[in-house]
Each structure stands twice: as C-alpha cells, then as structure tokens.
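Topology and contacts: notes
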Amino acid sequence: EKYKLIAMSGSLRKQSFNTALLHSIIELAQDDFDIDVVSIELPLFNDDLIDPDEPEVVAALKQAVREADGILIVTPEYNHSIPGVLKNAIDWLSLEPGTPLREKPVMIAGASPGILGTARCQIHLRQVFATNRANVLPGNEIFITHCKEKIDDIGLHDEKSIHQINKTLSEYRKWIDFWKRNAKN
Ligand code: FNR
C-alpha cells in the first residue's frame, strides 16, 4: 500500500533549489508514496480572519493534511530559521480546536548553498512541530549542503544525498507504520 503525503516547499520562487529537491524526492519515493504538493501561499495569519469562518484556502489545506498519512517539508533556511511563508502556514495549521498536525508523521529536508544545509532551520522546525505534538521522524536529517553543485535543472544528482534520501524515506515509511499500529491499540 502506498502512503499519501502532503508536501510543502518553503520557497515560492520558480528556480528554487528546494522545490527542485522536493520534486527529486517525489521521484525517489514513487514506489512507496503518493505525494501531493500543496501551495502555502495563504493570507498572513490573523485571528480576525477566522470570524465567522477561516479562509477557504486554509480550510482546504487543513483537510488535505488531515487526510494525508504524513507531511513532507522541504525548505530553505532564512536568517538561521524558518522562512516566514512556511511558518505562516504552520501557524494556520496549528489552530485549535482540531489541528491536523497532532500525531501527524513529518519528514523534513532542506537545501542551501552554504555548508550547513538548513540545519538551523530544521532545529527550529522540530521545535515548532513538537509544540503541536506532530511526530517528526527522529534523526534521519537531510541537509543538502552546497546545493548549487548538487541540484540543477533536472534535479538532484549527488549520489550521497540520493542515498541518504532513500534511507530516510524507508525509515519514514516504518515511522508511519509505527504510528498507525499505535493508533489501533
Ligand atoms: C537566505 N539564505 C540563507 N542560507 C542559509 O544557509 N542560511 C541562512 O540563514 C540564510 N538566510 C537567508 C535569508 C534570506 C531572506 C534569503 C532570501 C536567503 C540563502 C538561501 O539558502 C538561498 O537563497 C537559497 O537558494 C534559497 O532557497 P531556494 O529558494 O533556492 O529554495
């Protein structure tokens, strides 16, 4: 059985390394996962917009996350942290009652031209997801460093990175299985 994932890229620009990485991950994952990329171009979070109903795009995103077996986040690091557009989407999804983030298995990856490959952003993401009791895959970090040399128009072409992604996808499958078994008991 293939698992269904909702994927978000933290970068909105067309030539984004992270969006290219996301598409390479989708290809590498195709035997085990069906992955839908969703837009995170949402209104800026504002409590006033919830009254009387949250915006339709937000309701649709929440529903898509609710129905998915997991979330895949592929994002750049901005100023040593989470890009605002992505944080904004997480803030919308985190709203109680009924956040779809709770107990949702999450896998994180990121690419940057630097030597840390979004490591600092990913630490912050783990903290934010923990607050929402999402189940981020422990360990298995995917940091694509020096991404300009590893990602081009056709996608990711670095063998070590591809190996790490394949290993992580297989761990992520087991992680989703674990939580599904847990939910039944
Ligand atoms: C960056 N960049 C960056 N890179 C990094 O490794 N650590 C950082 O803290 C930052 N900070 C940062 C802030 C802002 C506002 C921008 C626009 C960029 C560089 C970033 O990694 C680079 O632009 C990537 O190419 C962005 O990812 P996409 O859009 O190619 O996916």
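Calculation criteria
Residues numbered from 1 in each chain as written. Predicted model: local features only at pLDDT ≥ 70, side-chain atom pairs only at ≥ 80, totals over all residues. Helix = DSSP H or I, 4+ residues; strand = E, 2+ residues; numbered from the N terminus. Buried ≥ 20, exposed ≤ 12 C-beta atoms within 10 Å, placed from the backbone. Contact = placed C-beta atoms within 7 Å. Near = placed C-beta within 6 Å. Nonpolar A, V, L, I, M, F, W, Y, C, P; charged D, E, K, R; others polar. pLDDT = per-residue confidence, 0-100. UniProt positions renumbered as here; feature names shortened; annotations may be inferred. Pairing = 2+ DSSP bridges.

Okay, the overall build of the chain next. Within the chain, the regular secondary structure consists of six helices and eight strands. Along the chain, helices and strands appear, N-terminal first, in the series β-α-β-α-β-α-β-α-β-β-α-β-β-α. With the C-alpha coordinates aligned to their principal axes, the bounding extent of the chain is approximately 50 × 40 × 25 Å. For the chain, buried positions account for 38% of its 185 residues. For the chain, the share of sequence-separated contacts (at least 6 apart) that also reach a separation of at least 24 residues comes to 80%.

Around the ligand, the surrounding shell holds 14 residues, and the nearest of these are S11, S16, N18, P76 and S112. Here the residues of the shell around the ligand sort into five nonpolar, seven polar and two charged.

The next point concerns the confidence of the model for the chain. Chain-level statistics for the chain give a pLDDT mean of 97 and a share of 99% at 70 or above. In the model output, the complex is listed with pTM 0.97 alongside ipTM 0.99.

The next thing to look at is the UniProt feature "domain: NADPH-dependent FMN reductase-like" (unreviewed entry) in the chain. Taken from the UniProt record, the annotation "domain: NADPH-dependent FMN reductase-like" (unreviewed entry) applies to residues 4-146. Helix makes up 33% of residues 4-146 and strand 20%, with an end-to-end C-alpha separation of 30 Å.

Quick look at unusual backbone geometry now. In this structure, P52 follows D51 across a cis peptide bond, with omega equal to 5 degrees. Of note, P52 is situated in the loop between β2 (33-37) and α2 (56-67). That bond from E96 to P97 is cis: its omega, 5 degrees, falls within 30 degrees of zero. Positioned with a positive phi, H80 is a non-glycine residue whose angle comes to about 60 degrees. Locating H80 in the fold gives a position in the loop between β3 (70-74) and α3 (84-93). The backbone phi angle of H146 is positive, close to 45 degrees, even though this residue is not glycine. For H146, a count of 14 C-beta atoms within 10 Å gives the class partly exposed.

Turning our attention to the pairing of β2. The two faces of a sheet get side chains in turn, since along a regular strand they alternate between them. As paired elements, strand β1 (residues 3-9) and β2 share five bridges and run parallel to each other. Following the sheet pairing, Y3 is matched in β2 by F33.

The next subject is the pairing of strand β4 (residues 105-111). Within β4, seven of the seven residues are buried, which leaves it mostly tucked inside the rest of the structure. In β4, alternate side chains face the same way, and those of P105, M107, A109 and A111 on one face and V106, I108 and G110 on the other are all buried. Summarising the sheet, β3 and β4 pair through four bridges and their orientation is parallel. By the bridge assignment for β4, L72 is matched with M107.

This paragraph deals with the environment of L22. Following the sequence through the fold, L22 ends up in helix α1 (residues 17-28). Note: C-alpha distance between L22 and H157 (135 residues apart in sequence) is 13 Å. Not counting the four nearest positions on each side in its chain, L22 is found in contact with A7, S9, V37 and V74.

Here the focus is the environment of T131. With respect to the helices and strands, the residue T131 is situated in helix α4 (residues 119-131). When the 11 C-beta atoms within 10 Å are taken as the criterion, T131 is described as exposed. When the C-alpha positions of T131 and I108 are compared, they lie 16 Å apart, and in sequence the two are 23 residues distant.

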